[in-house]
Amino acid sequence: MTVGFVNALTPGMRRGKPFTPHEPLDAAATTAAREVYPRHPGFTAPDAAELAEVAGRLRVVFDAMDDGAVDDAAAQVNRLIDDHNARPRLDRHDGEPWHLHFHGPGGTMAGDWGASCATALAIVLGSEFSDRLGVCTAPSCDRVYVDVSRNGTRRFCSTACQNRVKTAAFRARARK
Ligand SMILES: [Zn+2]
């Protein structure tokens, strides 16, 4: 979810082109959420604006890891945890079994997601898989990913970027 929000809601480059989050932001945020949670109720415009800010702060963690600045990444995660009051709590609602939430009651939807995403990043950063947070290495792309491959060899945000790089390498060889 963290990756989805960062990639949909932070400006930069995407697959070779400049990227600005699609307007209206509430639709962009809702689409990103529903890719993982199809029954997500959706974001209001103020929620989405707040979520975009949260996404910008989450993005800092990926950028820091990409720069090898692990200490900065950890500090940023801790700030996010503090600011969103993240803490584990078992919850049961909507006919679901007990499951773990990372936010207290009464927060905004964006704040709740901030708490959840910060906790998820903390779990990754505090594990042997801390180097699995990445920024796409294809030209003109800065979308982020979490590498869940067995070998940890992922370098691109998407197969689209992987294919772009492959095609360029193939053309370069063909010209020789
Ligand atoms: Zn990419």
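Where an unreviewed UniProt entry is consulted, the chain appears under the name CGNR zinc finger domain-containing protein, with the organism given as Nonomuraea typhae.

To continue, consider the overall build of the chain. The helix and strand tally for the chain stands at six helices and six strands. Radius of gyration (C-alpha) of the chain: 17 Å, near the 16 Å computed for a compact globule of 176 residues. By principal-axis analysis of the C-alpha atoms, the chain measures approximately 65 × 35 × 30 Å. A buried classification covers 38% of the 176 residues belonging to the chain. Of the contacts made within the chain by residues no fewer than 6 positions apart, 51% connect residues no fewer than 24 positions apart. Carbon and sulfur atoms make up 53% of the accessible area of the chain, which totals about 10,300 Å². Averaging the positions of the 22 positive and the 21 negative side-chain charges in the chain gives two centres separated by 13 Å.

Further remarks concern the UniProt feature "domain: Zinc finger CGNR" (unreviewed entry) in the chain. The residues that UniProt annotates with the feature "domain: Zinc finger CGNR" (unreviewed entry) are residues 132-173. Secondary structure across residues 132-173 comprises 36% helix and 14% strand; the distance between its end C-alpha atoms is 30 Å.

For the rest of this paragraph, the subject is the coordination of the zinc ion. Taken together, Cys136 (SG), Cys141 (SG), Cys157 (SG) and Cys161 (SG) make up the protein donors of the zinc ion, found 2.2 to 2.3 Å from the metal. With four donor atoms in place around the zinc ion and angles of 107 to 114° between them, the coordination shape is tetrahedral. Spacing between the donor residues of the zinc ion along the chain follows C-x4-C-x15-C-x3-C. With a gap of 20 residues between them, Cys141 in the loop between β5 (133-135) and β6 (144-146) and Cys161 in helix α6 (residues 159-175) connect regions that are remote in the sequence. Pair check on accessibility: Cys141 and Cys161 agree, each one buried.

Our focus in this paragraph is a nonpolar patch on the surface. Where nonpolar side chains cluster on the molecular surface, the patch consists of Leu90, Trp98 and Leu100 and spans about 350 Å² of accessible area. Residue placement: Trp98 occurs in the loop between β3 (89-91) and β4 (99-101).

On to the nonpolar core, then. Ranked by internal contacts, the top residues of the largest apolar core, which has 32 residues, are Phe5, Leu9, Phe43, Leu51 and Val61. For this core, the secondary structure elements donating two or more residues are α1 (2-9), α2 (25-36), α3 (45-66), α4 (70-83), α5 (109-125) and β5. Among residues more than four places away in sequence, those in contact with Phe43 are Phe5, Asp26, Ala29, Thr30, Ala33, Ala48, Leu51, Met109 and Trp113. One finds Ala138, Cys141, Phe156 and Cys161 within the second-largest nonpolar core, a separate group that totals six residues.

Let us now look at α5. Compared with an ideal rise of 1.5 Å per residue, which puts 17 residues at 24 Å, α5 spans 24 Å between its outermost C-alpha atoms and is within 8% of the ideal. Among all positions in α5, only Ala110, Gly111, Asp112, Trp113, Gly114, Ala115, Cys117, Ala118, Thr119, Leu121 and Leu125 are buried. Against α1, α3, α4 and β5 lie the buried residues of α5.

Here Ala29 lies in helix α2. Classification of Ala29 as buried rests on a relative accessible area of 0%. The spacing of Ala29 and His101 is 72 residues in sequence and 20 Å in space, taken between C-alpha atoms. If we ignore the near neighbours within four places in the chain, the residues touching Ala29 are Phe5, Leu9, Phe43, Ala48 and Leu51.

Parameters at a glance
- Residues numbered from 1 in each chain as written.
- Predicted model: local features only at pLDDT ≥ 70, side-chain atom pairs only at ≥ 80, totals over all residues.
- Heavy atoms only, no water.
- Helix = DSSP H or I, 4+ residues; strand = E, 2+ residues; numbered from the N terminus.
- Rg over C-alpha atoms; globule rule 2.2 N^0.38 Å.
- Buried < 20%, exposed > 50% of the residue type's maximum accessible area, 1.4 Å probe, protein only.
- Contact = heavy atoms within 4.5 Å.
- Areas by Shrake-Rupley, 256 points an atom, 1.4 Å probe, with all protein chains shown as cover.
- Lys, Arg positive; Asp, Glu negative; His and termini not counted.
- Charge placed at Lys NZ, Arg CZ, Asp CG, Glu CD.
- UniProt positions renumbered as here; feature names shortened; annotations may be inferred.
- Donors = N, O, S within 2.8 Å, 3.2 Å for Na, K, Ca; no water.
- Tetrahedral: all angles 85-135°; square planar, octahedral: opposite > 155°, others 65-115°.
- Patch = residues over 30% accessible without salt bridge, like charges linked within 9 Å, V, L, I, M, F, W, Y side chains within 5 Å.
- Salt bridge = Lys/Arg side-chain N within 4 Å of Asp/Glu carboxyl O.
- Core = buried A, V, L, I, M, F, W, Y, C linked by side-chain atoms within 4.5 Å.
- Expected span 1.5 Å × (residues − 1).

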